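As a plain string of letters, each chain reads:
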Amino acid sequence: MAMQAAKRANIRLPPEVNRILYIRNLPYKITAEEMYDIFGKYGPIRQIRVGNTPETRGTAYVVYEDIFDAKNACDHLSGFNVCNRYLVVLYYNANRVRPSPRGEGGGCAPGEGGGPGLCSWAGGGGGWGAQGSSHSSVSLQAFQKMDTKKKEEQLKLLKEKYGINTDPPK
């Protein structure tokens, strides 16, 4: 084990390599256990986020504990066949992240902010479901709060639509 660590210390990785992988072309019905079975073979995983809205379905983010494990998984799982779908495994690139056309999350990932129009990694918004290990996703980074006024207006509209009155009786 110490010998592997010594070898790894001398290896210089390309700049695009990082601990976070972005996976596309996943089956919509893939479970957390299946994700851990596939990606866990390459090293300890800190967290997995699977897309759960129409804009993010079929995609996921996998965060490894070690950058070399992430590189190994990316190298071996690109093109891997899962339920007759060939996985597209890429390194997470913050410059490529962009909000969806409707202004909701969709291109947000671990370590990315949560201003209006983007998802919040720590808050779980933007259509990404957490299937993390025992580590907290909050430890990755602190994020800005969503536009609360906009959210309050959306809540008010939903209450009116469904006839919900949460005001205390007089």
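Given the structure is predicted, the values throughout are model-derived calculations rather than measurements.

Notes on the nonpolar core
Note on soluble globular proteins: their nonpolar side chains tend to be buried together.
Then, number 1: Judged by nonpolar contacts, the single largest core of 23 residues is most densely connected at Leu21, Ile23, Met35, Phe39, Val62 and Tyr64.
Then, number 2: Broken down by secondary-structure element, the contributors of at least two residues to this core are strand E1 (20-24), helix H2 (32-39), strand E2 (45-51), strand E3 (60-64), helix H3 (67-77) and strand E6 (88-91).
Then, number 3: Among the elements that make up this core, the one with the highest residue count is H3 (four residues).
Then, number 4: Listed in part, the five residues of the second largest apolar core include Ile20, Tyr22, Tyr61 and Tyr92.

A short note on H2
Then, number 1: Taken together, the buried positions of H2 are occupied by Ala32, Met35, Ile38 and Phe39. Around the axis of H2, the buried residues are gathered within 125 degrees of arc, so they sit on the same side. Away from its buried face by more than 90 degrees, H2 exposes Glu33 and Asp37.
Then, number 2: The elements touched by buried residues of H2 are E1, E2, E3, H3 and strand E4 (81-82).

Describing unusual backbone geometry
Then, number 1: Its identity as a non-glycine residue notwithstanding, asparagine 25 has a phi of 70 degrees, on the positive side.
Then, number 2: Within the secondary structure layout, asparagine 25 lies in the loop between E1 and H2.
Then, number 3: Of note in this structure, asparagine 84 is not a glycine but carries a positive phi near 60 degrees.
Then, number 4: Secondary-structure assignment places asparagine 84 in the loop between E4 and strand E5 (85-86).
Then, number 5: Classification of asparagine 84 by relative accessible area gives exposed; the value is 73%.

Section: the confidence of the model for the protein chain
Then, number 1: Model confidence for the protein chain is summarised by a mean pLDDT of 73, while 62% of its residues fall at 70 or above.
Then, number 2: At the level of individual helices and strands, the protein chain shows its lowest average pLDDT in helix H1 (residues 2-9), which scores 52, and its highest in E1, which scores 95.
Then, number 3: Within the model, the stretch residues 99-109 combines pLDDT values under 50 with 28 contacts to residues more than four positions away or in other chains.
Then, number 4: Note that residues 111-125 has pLDDT below 50 and, in this model, 51 contacts with residues that lie over four places away or in other chains.

What counts, and at which threshold
Residues numbered from 1 in each chain as written. Predicted model: local features only at pLDDT ≥ 70, side-chain atom pairs only at ≥ 80, totals over all residues. Heavy atoms only, no water. Core = buried A, V, L, I, M, F, W, Y, C linked by side-chain atoms within 4.5 Å. Buried < 20%, exposed > 50% of the residue type's maximum accessible area, 1.4 Å probe, protein only. Helix = DSSP H or I, 4+ residues; strand = E, 2+ residues; numbered from the N terminus. Arc of directions from axis to C-beta. Contact = heavy atoms within 4.5 Å. pLDDT = per-residue confidence, 0-100.

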